[in-house]
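Observations on chain architecture
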Amino acid sequence: MKVLSNLRWLLFLLPMIWACGDIEQPPIIAQTPASIASPPTDIVITQENGAEVVVFNVSPADFGTTMEVTYIIQMDRPGNEFRNPADLGSSTSTSIEIEKDDINGAAIARGITPGESGPMEFRVRAVPSRTLSALNGAPITINVSTTVSFNPDIPLTLEALVGDGTKAWRLRPSAGSWGVGGFRGDLGFFPGATTNLATVRPCTFNDLYIFSQDGTFEYDAQGDFWAEGWMSVPGEGCQPESILDGTPSEAFKSGVHSFSLIPGAPGVMPQLAVTGTGAFIGFQRAFNGGEIPEGGSPTDRTITYTVTAFDPATQELTLSLRTADPFDAFDGVFWTFVLVPDELGGEVGGEDPAAFTLDDLVGSGTQAWQLKPAAGAFGVGPAPGSDAFFPNGGDISGDRPCLFNDLFIFSQDGTYEYDAQGDVYAEDYMGLTGGGCQPESNLGGTVGEAWASGTHQFTFQPASGNDRAQITVTGTGAFIALPKAFNGGEYEAGPPRANESVTYDVLDFNPDTRELTLVIDITDNGAVWWTFVLIPAD
């Protein structure tokens with residue numbers, strides 16, 4: 001066993017080589033009812049079950065009674081006055097063992113770069129078992145040399161989170177940055193991976209989540225928020241923050257709370273926790289293991305988010321929160337939030353889908369579109385953009401080439417043409433048997449004959465406010481991507497209704513890649529949506 005000594009308290013914790021010797025310090029004695037005069041009497045490095053530990057030996061605090069006392073070793077950055085201390089370990093014994101890895105992780109979480117050294121303050125806190133004031137020992141400054149035990153794939157440190165001292169974050173205003181699904185990182189339940197909610201919910205994407213070096217976490221709603229019925233507020237959508245006054249959800253207004261960051265390790269993801277009544281990141285309702293019920297109030301709780309990704313180059317920080325246990329084929333229910341520093345909030349993300357115009361649809365006069373041959377381009381799920389029901393992330397373009405070669409042609413004069421390119425993907429409702437890709441001529445004389453290549457009409461409705469842009473095709477057998485889907489239902493068998501109109505919402509449009517995402521609700525309650533991602537045909 002090695003014993004560390006240095007009356008100036010210069011100690012390298014967790015280095016390759018440790019100093020040796022004995023430390024002689026005055027005992028910890030209660031000088032007044034609210035203070036302890038000295039730090040731990042000695043610090044010992046030893047081996048316990050193969051793990052190297054630090055043993056802090058303290059002298060008993062004197063509360064003037066024989067009551068039991070719990071001794072806690074605390075650590076914080078110098079000058080922080082233990083406003084955000086790490087409680088490294090505790091014991092009713094005067095010998096407290098703490099694993100070196102725990103000290104290492106806590107030091108990294110408080111800003112020391114992994115693999116480098118930096119000063120930290122340590123103290124003893126003596127807590128009696130009865131209602132007497134706890135006693136805090138005098139702090140000592142120790143130089144901590146850390147090892148690289150953080151997760152190399154998720155290198156989030158306190159310094160990266162708080163910047164020079166305080167750093168504001170907001171949701172990345174683009175598709176894939178906010179939503180819920182059955183797996184960590186999945187947004188299949190809502191709103192789907194390709195949906196950009198930033199323009200639909202601007203009052204959510206302007207929220208600021210502010211982290212400070214002293215452990216303070218501030219939420220700034222910027223004067224508005226996204227109102228939902230469970231919050232006991234009138235109406236839904238973007239509302240003034242002031243309407244929360246006097247409701248069960250009042251604590252969700254802008255406010256100051258606290259946070260802690262637990263660094264990761266190889267194979268272990270970091271965790272970011274916020275504490276306080278109404279403290280949250282991304283979505284007010286969600287907490288570890290559940291969601292606040294209809295009309296419920298937030299409580300003084302800690303919500304811990306798993307950090308699943310952090311890119312120092314782009315500064316994108318991805319958080320995951322599990323709110324329900326596994327069920328069926330899913331790992332549970334997971335919320336995902338992708339944050340970026342506030343100053344980058346206006347520079348990242350896709351374009352506003354409201355910017356999609358008729359000129360984008362018809363090009364210079366006539367434009368042919370086809371399904372993008374990739375995963376996520378054709379599917380059905382419980383929300384716009386989701387394919388969780390089918391094919392659940394699979395790329396089916398190779399299995400259904402006759403579907404992905406179809407052309408959907410829009411012209412300036414309002415003409416819409418469907419060109420099957422000579423083959424179709426056969427299904428029973430079309431009057432075809434055998435399935436798979438078949439010659440288009442097989443539709444002749446069947447109940448699905450009207451779904452063959454043909455010319456129809458279309459109209460375009462630009463986006464307005466929270467209403468998405470819409471494309472409506474009209475004619476017997478007119479459809480985009482999937483014949484059987486129409487607004488509010490699906491055909492179980494042909495023929496299609498005469499001169500029927502089918503309307504598709506423009507969920508997203510990327511002017512750079514020219515990817516156009518269309519969705520259609522086949523229920524009357526928004527429970528099942530088909531999603532199609534189109535690209536211009538060559």
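All values reported here derive from a predicted model rather than from experimental measurement. (Residues numbered from 1 in each chain as written. Predicted model: local features only at pLDDT ≥ 70, side-chain atom pairs only at ≥ 80, totals over all residues. Heavy atoms only, no water.)

**A short note on the overall build of the chain**
- Tallying secondary structure elements over the chain gives five helices and 37 strands in all.
- Among the 538 residues that make up the chain, the fraction classed as buried is 52%.
- Here the analysis covers contacts within the chain between residues at least 6 apart in sequence; of these, 59% occur between residues at least 24 apart.
- Element-wise, carbon and sulfur atoms account for 48% of the exposed surface of the chain, whose accessible area totals about 22400 Å². (Helix = DSSP H or I, 4+ residues; strand = E, 2+ residues; numbered from the N terminus. Buried < 20%, exposed > 50% of the residue type's maximum accessible area, 1.4 Å probe, protein only. Contact = heavy atoms within 4.5 Å. Areas by Shrake-Rupley, 256 points an atom, 1.4 Å probe, with all protein chains shown as cover.)

**So, the side chain of S320**
- Mapped onto the secondary structure, S320 falls in strand 23 (residues 316-324).
- Under the relative-accessibility criterion, S320 is labelled buried at 2%.
- Of the polar contacts made by the side chain of S320, one reaches the side chain of R184; its length is 3.0 Å. (Polar contact = N/O pair within 3.5 Å; in protein donor to acceptor, adjacent residues only side chain to side chain.)

**Looking at unusual backbone geometry**
- With an omega of -5°, the peptide bond between F190 and P191 qualifies as cis.
- The topology assignment puts P191 in the loop between strand 13 (178-181) and helix 3 (202-205).
- Despite not being glycine, S232 has its phi angle at roughly 60°, a positive value.
- With respect to the element layout, S232 can be found in the loop between strand 16 (224-227) and strand 17 (237-240).

**What to know about the pattern of salt bridges**
- Under the defined criterion, the tally for this structure stands at 10 salt bridges.
- Residue D360 pairs with R514 through a salt bridge whose shortest N-O separation is 3.6 Å. Residue D360 is located in helix 4 (residues 358-362), and its partner R514 is located in the loop between strand 35 (501-510) and strand 36 (515-521); the two are separated by 154 residues in the primary sequence.
- A relative accessible area of 24% means that R514 is categorised as partly exposed.
- The partner of K484 in a salt bridge is E490, with the nearest N and O atoms 3.9 Å apart. (Salt bridge = Lys/Arg side-chain N within 4 Å of Asp/Glu carboxyl O.)

**Some thoughts on helix 1 (residues 100-109)**
- The element helix 1 is extensively covered by neighbouring structure, given that eight of its 10 residues are classed as buried.
- Downstream of helix 1 by a residue or two, G111 has a phi angle that is positive, lying close to 110°.

**Structural notes on the state of the cysteines**
- This model, assessed by the stated rule, comprises two disulfides.
- Note that C203 is cross-linked by a disulfide to C238, the S-S spacing being 2.1 Å. On the sign convention where negative is left-handed, the bridge of C203 and C238, at about -85° about the S-S bond, is left-handed. Of the two residues, C203 is situated in helix 3 and C238 in strand 17; the sequence distance between them amounts to 35 residues.
- Two residues, C402 and C437, share a disulfide whose sulfurs are 2.0 Å apart. (Disulfide = S-S within 2.5 Å.)

**Observations concerning the pairing of strand 26 (residues 378-381)**
- In strand 26, alternate side chains face the same way, and those of F378 and V380 on one face and G379 and G381 on the other are all buried.
- Two elements, strand 26 and strand 37 (residues 529-536), share four bridges in a ladder whose sense is antiparallel. Looking across to strand 37, one finds that G379 is bridged to T531. (Pairing = 2+ DSSP bridges.)

**Observations regarding the confidence of the model for the chain**
- Averaged over every residue, the pLDDT of the chain is 83; residues scoring 70 or more account for 87%.
- Every residue in residues 1-50 is under pLDDT 50, and counting partners more than four places away or in other chains gives 142 contacts.
- The model gives residues 347-351 a pLDDT under 50, and that stretch makes 12 contacts with residues more than four places away or in other chains. (pLDDT = per-residue confidence, 0-100.)

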